[in-house]
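Listed here are the chains, written in short residue letters.
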Amino acid sequence: QAQQTGEETTAEVSDVIQVGEVIGTSNSTGSLTKINASVRLASGSDPINVSQASYTISSPTGNAGVIPGNNNTDVVNHTQIQGMEGTDGSVIKDQEDLLAVEINLAKAAPVNPLEESETVKLIVQAPAGGQTYKELKTPRNIEDSSSYIL
């Protein structure tokens, strides 16, 4: 029992998804309706099925929503970028593996699209419980049909 508890605790600390660049894309309303985050394994992590991860986005007003990481839904879509084989699906196995996670904020209730000059937190939780925090800042001026590094 003690060994199992120790292994679970180790997985919570060591199995972490590293979030790289996050890009927000606007639609015709002048708000960021989609975010694309590049993710990979943190050093020392075991393989992680990103479809089993969850994403929490908290707004400056304190509203937050948890978004399940299920792939190929109206809300979340994964795209393999680097180092992965087609059969890997959404499982990142090595630090060289790079996966893009697109979150459609317009369909991710209770989360809303991001507005100008907002600071929000993106929290990615791996299935074993390891968490990564990233603070995102939206631009002061969001133009229609544009993309921005957050």
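Residues numbered from 1 in each chain as written. Predicted model: local features only at pLDDT ≥ 70, side-chain atom pairs only at ≥ 80, totals over all residues. Heavy atoms only, no water.

Trainee: Requested: an account of the sheet that holds strand β1 (residues 17-26), with residues and values cited.
Mentor: Taken in spatial order, the five strands make up an open sheet running β6-β8-β2-β1-β11, and their pairing is antiparallel. Of all strands in the sheet, those with a lone pairing partner are β6 (76-82) and β11 (147-149), marking the two edges. Taking each pair of neighbouring strands and ignoring which way they run, the sheet shows an average axis angle of 25°. Judged from the three bridges that link them, β1 and β11 form a sheet pairing that is antiparallel. In the strand pairing of β11, Gly24 is matched with Tyr148. (Pairing = 2+ DSSP bridges. Helix = DSSP H or I, 4+ residues; strand = E, 2+ residues; numbered from the N terminus. Axes fitted to C-alpha atoms, helices over the stretch in contact; angles between N-to-C directions.)

Trainee: How would you summarise the pairing of strand β4 (residues 54-58) if you had to cite specific residues and measurements?
Mentor: Counting buried residues in β4 gives five out of five residues, a clear majority hidden from the surface. Burial along β4 is two-sided: Ser54, Thr56 and Ser58 and Tyr55 and Ile57, pointing in opposite directions, are all buried. Pairing of β4 with strand β5 (residues 64-68) involves five bridges; the strand directions are antiparallel. Across the sheet, Ser58 pairs through a bridge with Ala64, a residue of β5. Linking two consecutive strands that pair antiparallel, namely β4 and β5, is a turn of five residues; a positive phi of about 95° is found at Gly62 within it. Pairing of β4 with strand β9 (residues 119-125), which is carried by five bridges, proceeds in the antiparallel orientation. Among the inter-strand pairings, Tyr55 is bridged to a residue of β9, identified as Val124. (Buried < 20%, exposed > 50% of the residue type's maximum accessible area, 1.4 Å probe, protein only.)

Trainee: Give a detailed account of the confidence of the model for the protein, specifying residues and quantitative values.
Mentor: Residues with a pLDDT of 70 or more make up 91% of the protein, whose mean pLDDT is 87. Segment residues 5-12 is flagged for pLDDT under 50; beyond a separation of four residues in sequence, or across chains, it makes five contacts in the model. (pLDDT = per-residue confidence, 0-100. Contact = heavy atoms within 4.5 Å.)

Trainee: Tell me what's going on with unusual backbone geometry, and back it up with residues and numbers.
Mentor: Omega for the bond connecting Ala109 with Pro110 falls within 30 degrees of zero, at 10°, which places this linkage in the cis form. With respect to the secondary-structure elements, Pro110 resides in the loop between β8 (98-104) and β9. In the Ramachandran plot, Ser117 falls in the positive-phi region, its phi being about 55° despite a non-glycine side chain. Along the polypeptide, Ser117 turns up in the loop between β8 and β9. The backbone of Ser145 shows a phi angle near 50°, a positive value even though the residue is not glycine. Relative to the elements of secondary structure, Ser145 occurs in the loop between β10 (131-137) and β11. For Ser145, a relative accessible area of 63% corresponds to the exposed category.

Trainee: Quick rundown of the nonpolar core? Include the residues and the values.
Mentor: Of all hydrophobic cores here, the largest spans 33 residues; its most connected members are Tyr55, Ile67 and Ile103. Broken down by secondary-structure element, the contributors of at least two residues to this core are β1, β2 (32-41), β4, β8 and β9. It is β2 that contributes the most residues to this core, five residues altogether. Here Ile103 is in contact with Thr33, Lys34, Ile35, Tyr55, Ile67, Val75 and Val76, once residues within four sequence places are set aside. (Core = buried A, V, L, I, M, F, W, Y, C linked by side-chain atoms within 4.5 Å.)

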